[in-house]
Amino acid sequence: MQAAIATIDAEIIVVDNNSPDDSCAMVKQLFPSVKLIENKDNPGFSKGNNIGVAQAKGEYLCILNPDTVVAEDTFTKLINFTDSKNNLGIVGCQLIDGKGRFLPESKRNIPTPKVALKKVLGSTNDYYANHINIEETDKVDILVGAFMWLKKEVYNAVGGFDEAYFMYGEDIDLSYKVVKARYDNFYFGNTTVIHFKGESTLKDSKYAKRFYGAMQIFYKKHFKQSLLFNAVVWLGIKMAFLMRKTPIDVVVNSNRSYLYTADLNTNLVEKLPKPTQVDEDIRRDVENNSMIVYDFKLLNASSVIADMKQKSKQDHIVFRFLSKNCKFILGSDSANNRGEVLHF
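Residues numbered from 1 in each chain as written. Predicted model: local features only at pLDDT ≥ 70, side-chain atom pairs only at ≥ 80, totals over all residues. Heavy atoms only, no water.

(A) Quick look at the pattern of salt bridges. Following the criterion strictly, the structure yields 13 salt bridges and no others. A salt bridge links Glu-59 to Lys-151; the shortest N-O distance between them is 3.6 Å. Of this pair, Glu-59 sits in the loop between helix H2 (45–55) and strand E3 (60–64) while Lys-151 sits in strand E7 (residues 147–151), placing them 92 residues apart in sequence. Residue Glu-59 is classed as exposed on the basis of its relative accessible area, which comes to 51%. (Salt bridge = Lys/Arg side-chain N within 4 Å of Asp/Glu carboxyl O. Helix = DSSP H or I, 4+ residues; strand = E, 2+ residues; numbered from the N terminus. Buried < 20%, exposed > 50% of the residue type's maximum accessible area, 1.4 Å probe, protein only.)

What follows is the structure in structure tokens.
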């Protein structure tokens, strides 16, 4: 993140909603230039972001999940794009998961009750904005809260995130409020951000209740109501809750590991299967069923993201990341769990 704002006038604000671990101490130690807001309770995602935005000084905002990796040129590209547009609302970008796969929620249509019901029944053609190619840029209605770029004046004009949403649904609500205010939302396919997913929350029954509860808030707020409408929406949400699939943990057994690093750590090497040091030859071929370890002291995020997207086409390739000044590697192979942290 710091590399992504190195050439622009920007600030990083981290809002911590009373984390029970040592997250705040870590931020203070490793990132002293970051403005850290420590809430004494957990008021939810929406209110946490509103608190952070109130402290922001910039013309533009980037609402960003903590489980993301931003390319060095992401913000300069967005500034050049958005400065050329009038009546701009929210801009989202191409998101990939921890295995390098495109996340379709990067661009979505308005989830009307009809569209949502079709999604429950297995059809996602109308839910995701599949008419826009992944690498293209075009207008779209709904963007995902993991990465939202917009002017602060637009955020304030529509009242920011609705704090009735504790977590989930608030990004749909904000996107729709911006569209209803006659701003133009855009999907910008010319830059890519890693969103690990599963790191902000676990996909368990509590998640399901919050998610479908959020959709009830959305429909009550934005769609005309009648007894029949309310009954259909309630039935659809109930069906979605009951028909949800039980998350399955993903276990990938790697036969080999490739370390893109200039500083080979003995303790790390001992914990990896058949390690091979690669240095800067990031484009080299690798075997299937392998683990790739990227060292951000050697590589920039743009190169890592491009390499992930290419190698994700192979079978059973998993990725791990070594951040600067850290004694662990981490990665996520599934949206259903918190991923893996390997200390060395």
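(B) Spotlight on the side chain of Asp-295. Structurally, Asp-295 can be placed in strand E11 (residues 290–295). If we skip the residues at most four places from it in the chain, Asp-295 touches Tyr-260, Thr-261 and Leu-322. (Contact = heavy atoms within 4.5 Å.)

(C) Molecular detail of the side chain of Lys-107. Examined against the element boundaries, Lys-107 turns out to sit in the loop between strand E5 (88–96) and helix H4 (113–120). Glu-136 provides the closest opposite charge to the buried, unpaired Lys-107, separated from it by 7.8 Å. Within polar-contact distance, the side chain of Lys-107 engages the backbone oxygen of Ile-132 at 2.8 Å. Non-local contacts of Lys-107, meaning those with residues more than four positions away in its chain, are made with Phe-102, Tyr-128, Ala-129, Asn-130, Ile-132, Asn-133, Ile-134, Val-140, Ile-142 and Tyr-187. (Lys, Arg positive; Asp, Glu negative; His and termini not counted. Polar contact = N/O pair within 3.5 Å; in protein donor to acceptor, adjacent residues only side chain to side chain.)

(D) The packing of aromatic side chains, seen in detail. This model, assessed by the stated rule, comprises 18 aromatic pairs. Both rings, one in Phe-196 and one in Phe-321, keep their centres 5.4 Å apart while their planes meet at 70 degrees; by these two values the pair is edge-to-face. Taken together, the residues span a long stretch of sequence, with Phe-196 in the loop between strand E8 (184–195) and helix H7 (205–222) and Phe-321 in strand E12 (residues 318–322) at a distance of 125 residues. Through a chain of ring-to-ring contacts, the aromatic side chains of Phe-196, Tyr-260, Tyr-294, Phe-296, Phe-319 and Phe-321 assemble into a single cluster. The positively charged end of Lys-107 is found above the aromatic ring belonging to Tyr-187, 5.8 Å away from the centroid. (Phe/Tyr/Trp six-rings, centres within 6.5 Å; stacked < 30°, edge-to-face > 60°. Lys NZ or Arg CZ within 6 Å of the ring centre and 35° of its normal.)

(E) A look at the environment of Leu-268. Examined against the element boundaries, Leu-268 turns out to sit in helix H9 (residues 266–269). Each C-alpha atom, one on Leu-268 and one on Ile-329, is 8.8 Å from the other, the two residues being 61 residues apart in sequence. Among all residues touching Leu-268, those that are not within four sequence positions of it are Leu-259, Ile-329 and Phe-344.

(F) How the structure looks around the pairing of strand E13 (residues 328–331). Burial along E13 is one-sided: Ile-329 and Gly-331 are buried, while Phe-328 and Leu-330, pointing the other way, are not. Here four bridges tie E13 to strand E14 (residues 340–343), and the two strands are oriented antiparallel to one another. Paired with Leu-330 across the bridge in E14 is Val-341. (Pairing = 2+ DSSP bridges.)

(G) Structural view of the state of the cysteines. One pass over the structure, following the stated rule, counts zero disulfides. We note that Cys-62 lacks a disulfide partner, and the nearest cysteine sulfur, in Cys-93, lies 7.8 Å from it. What makes Cys-62 partly exposed here is its relative accessible area of 24%. (Disulfide = S-S within 2.5 Å.)

(H) Broad picture of the nonpolar core. Judged by nonpolar contacts, the single largest core of 34 residues is most densely connected at Ile-63, Ile-90, Met-148, Tyr-155, Phe-161, Leu-174 and Phe-218. Breaking this core down by element, the ones donating at least two residues are H2, E3, H4, E7, helix H5 (152–157), helix H6 (170–180) and H7. Among residues more than four places away in sequence, those in contact with Ile-63 are Phe-45, Asn-49, Val-53, Gly-145, Ala-146, Phe-147, Met-148, Tyr-155 and Phe-161. In this structure, Val-27, Cys-93, Phe-188 and Val-193 belong to the second largest nonpolar core, which totals 22 residues. (Core = buried A, V, L, I, M, F, W, Y, C linked by side-chain atoms within 4.5 Å.)

(I) Spatial organisation of H6. With nine of 11 residues buried, H6 is to be regarded as a mostly interior element. When we look at burial in H6, the residues that qualify are Glu-170, Asp-171, Ile-172, Asp-173, Leu-174, Ser-175, Tyr-176, Lys-177 and Val-178. Looking one or two residues beyond H6, the residue adopting positive phi is Arg-182, at roughly 70 degrees.

(J) Representation of helix H10 (residues 301–311) in the model. Burial in H10 covers these residues: Ala-301, Val-304, Ile-305, Asp-307, Met-308 and Lys-311. Viewed end-on, H10 has its buried residues packed into an arc of 165 degrees, placing them on one side of the element. Packing partners of the buried residues in H10 comprise strand E4 (68–70), E5, E8, strand E9 (256–260), E11 and E12. (Arc of directions from axis to C-beta.)

(K) Summary view of unusual backbone geometry. Non-glycine residue Asn-18 carries a positive phi angle of around 60 degrees. Relative to the helices and strands, Asn-18 is located in the loop between strand E1 (13–17) and helix H1 (23–30). With relative accessibility at 42%, the residue Asn-18 sits in the partly exposed group. Within the chain, Arg-182 stands out as a residue other than glycine whose phi angle is a positive 70 degrees. Within the secondary structure, Arg-182 is located in the loop between H6 and E8. Taking the relative accessible area as the measure of exposure, Arg-182 reaches 70% and is therefore exposed.

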